[in-house]
Amino acid sequence: MANLVHTYQLIADILNVNDTTIDTLTLKLKTEAIDWDSVVVEGSKHLVLPALYCRLKSKHVISYLPQELQDYLKAITSINRNRNKAILKQALDLSQLLTTHKIDHVFLKGTALCATNYFEDNAERMIGDIDILIEKTRLNEAYALLEKQGYTGVKTTLGTDFFEHKHLPRLISKDHIGAVELHLKLFMTYQLDALSAEHILKHKNQNFDINIPSNTHLLMHNILNYEVNDFGKLYHTINFRAAYDTIVLLPKINTAHLKQTFNKTPFKSYLKKLNLFFSSLHEAITLKPTLVNTFYLVRLKYRLLYVIHYKGIKTLSFTKVLLHRVYMFGYNTKYRKAVWNDRARIIKALTK
């Protein structure tokens, strides 16, 4: 079983856009025994298999991979390229629809990045949902507008009736490949004025008739989306799709005015983690690793420790949520009734 530190470092070396790493990568591929199964497993978990293939081709080292693996990665990348083309076409249609009705909006995350041609090949980026930030006063109108276009809201759990969410229920359509999430805001509890919906909409750009956030907003959201929304800070982990977005975005931005921001948590903790695998992340970023970072490497080296740590944090987090829900059950009559009516699903979720 491969040491995850070695696997992570190889993935980082492949993804790194810094040309100075090519010689190191070439030597590694030529002389070391690579556990490609581990690379594929972790690359799949991190949603970067197409990015790995495209970067290996770009660096002219794809020939060092077993032919069967080359064919496999090429097929996955081709599928993702076609999917992304369909998603961008869908995004353009949505943009035209919202613009026609004068609804202020911006596309977020993967859709925005691909619409801006940040990548040498748009097949590099795997996109999940199409996330759109909508002007607050027009959010419900936008949702109803998409329903008229044949989109259907995905049935939600009872929590949406009692707890605030950052977006309305996902919309899907039998005629389109991507599910759509219309956002009111970017985070649930985390607040940052620079990433308020009003600020992002005010400073938006347009590319190929699609509204997107400014470069700075894209970078800041990329970092905080993983650290806050995807719990990267809680579990103290990295995700290579988010990391690749970061290293692609950094050269496009004058980071001098962001030094103060980068020196704040959770930006600082995120960049320190990336520095573990992406040396010389950026000339404006010089962050020394901490004991927490060292512990992360130890966890990657000893998988049992990684599992114990992850499950421990997950259990504590779940317990906190459960206690709050029990409290709600005790004092809120409507919530108690809703839980009872939805008891079959809740019992199934708690026992699986």
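Here the structure is a predicted model, which means the values were calculated and not measured.

**What to know about the overall build of the protein**
1) Next: Counting its regular elements, the protein contains 17 helices and 7 strands.
2) Next: By its C-alpha atoms, the protein is 65 × 45 × 45 Å across when sized along the principal axes.
3) Next: Counting across all 352 residues of the protein, residues that qualify as buried make up 47%.
4) Next: Surface accessibility of the protein: about 18,800 Å² in total, with carbon and sulfur atoms responsible for 56%.
5) Next: Across the protein, the mean location of the 47 positive side-chain charges is 7 Å away from that of the 31 negative side-chain charges.

**Re a nonpolar patch on the surface**
1) Next: Together, F295, V298 and Y302 line one region of the surface with nonpolar side chains, adding up to about 260 Å² of accessible area.
2) Next: Taking relative accessible area as the criterion, Y302 reaches 47% and is therefore assigned partly exposed.

**Some words on empty space enclosed by the protein**
1) Next: As enumerated under the stated definition, the model contains 2 cavities of 30 Å³ or more in all.
2) Next: Here the largest cavity is characterised by a volume of approximately 40 Å³.
3) Next: Around the largest cavity, the lining residues are I14, W36, V39, V40, L49, L52, L56, L65, L69 and L73.
4) Next: Roughly 30 Å³ of internal volume is contained in the second largest cavity.
5) Next: Every residue along the wall of the second largest cavity is listed here: L108, K109, I200, P213, H217, L218 and H221.

**Considerations on the pairing of strand 2 (residues 130-134)**
1) Next: Of all the 5 residues making up strand 2, 5 are buried; the element is thus mostly covered by neighbouring parts of the structure.
2) Next: Of the two faces of strand 2, the one holding I130, I132 and I134 and the one holding D131 and L133 are both buried throughout.
3) Next: Of the pairings in the sheet, the one linking strand 1 (residues 105-107) to strand 2 comprises 3 bridges and is antiparallel in character. Residue V106 lies in a different strand from strand 2, and its bridge partner there is L133.
4) Next: Here 4 bridges tie strand 2 to strand 5 (residues 180-183), and the two strands are oriented parallel to one another. By the bridge assignment, I132 is partnered in strand 5 with L182.

Calculation rules
Residues numbered from 1 in each chain as written. Predicted model: local features only at pLDDT ≥ 70, side-chain atom pairs only at ≥ 80, totals over all residues. Heavy atoms only, no water. Helix = DSSP H or I, 4+ residues; strand = E, 2+ residues; numbered from the N terminus. Buried < 20%, exposed > 50% of the residue type's maximum accessible area, 1.4 Å probe, protein only. Areas by Shrake-Rupley, 256 points an atom, 1.4 Å probe, with all protein chains shown as cover. Lys, Arg positive; Asp, Glu negative; His and termini not counted. Charge placed at Lys NZ, Arg CZ, Asp CG, Glu CD. Patch = residues over 30% accessible without salt bridge, like charges linked within 9 Å, V, L, I, M, F, W, Y side chains within 5 Å. Salt bridge = Lys/Arg side-chain N within 4 Å of Asp/Glu carboxyl O. 1 Å grid on protein atoms, 1.4 Å probe; cavity = no way out; pocket = protein on both sides within 12 Å on 5 of 7 lines; lining within 4 Å. Points joined across faces, edges and corners; volume = space filled by probe spheres on them. Pairing = 2+ DSSP bridges.

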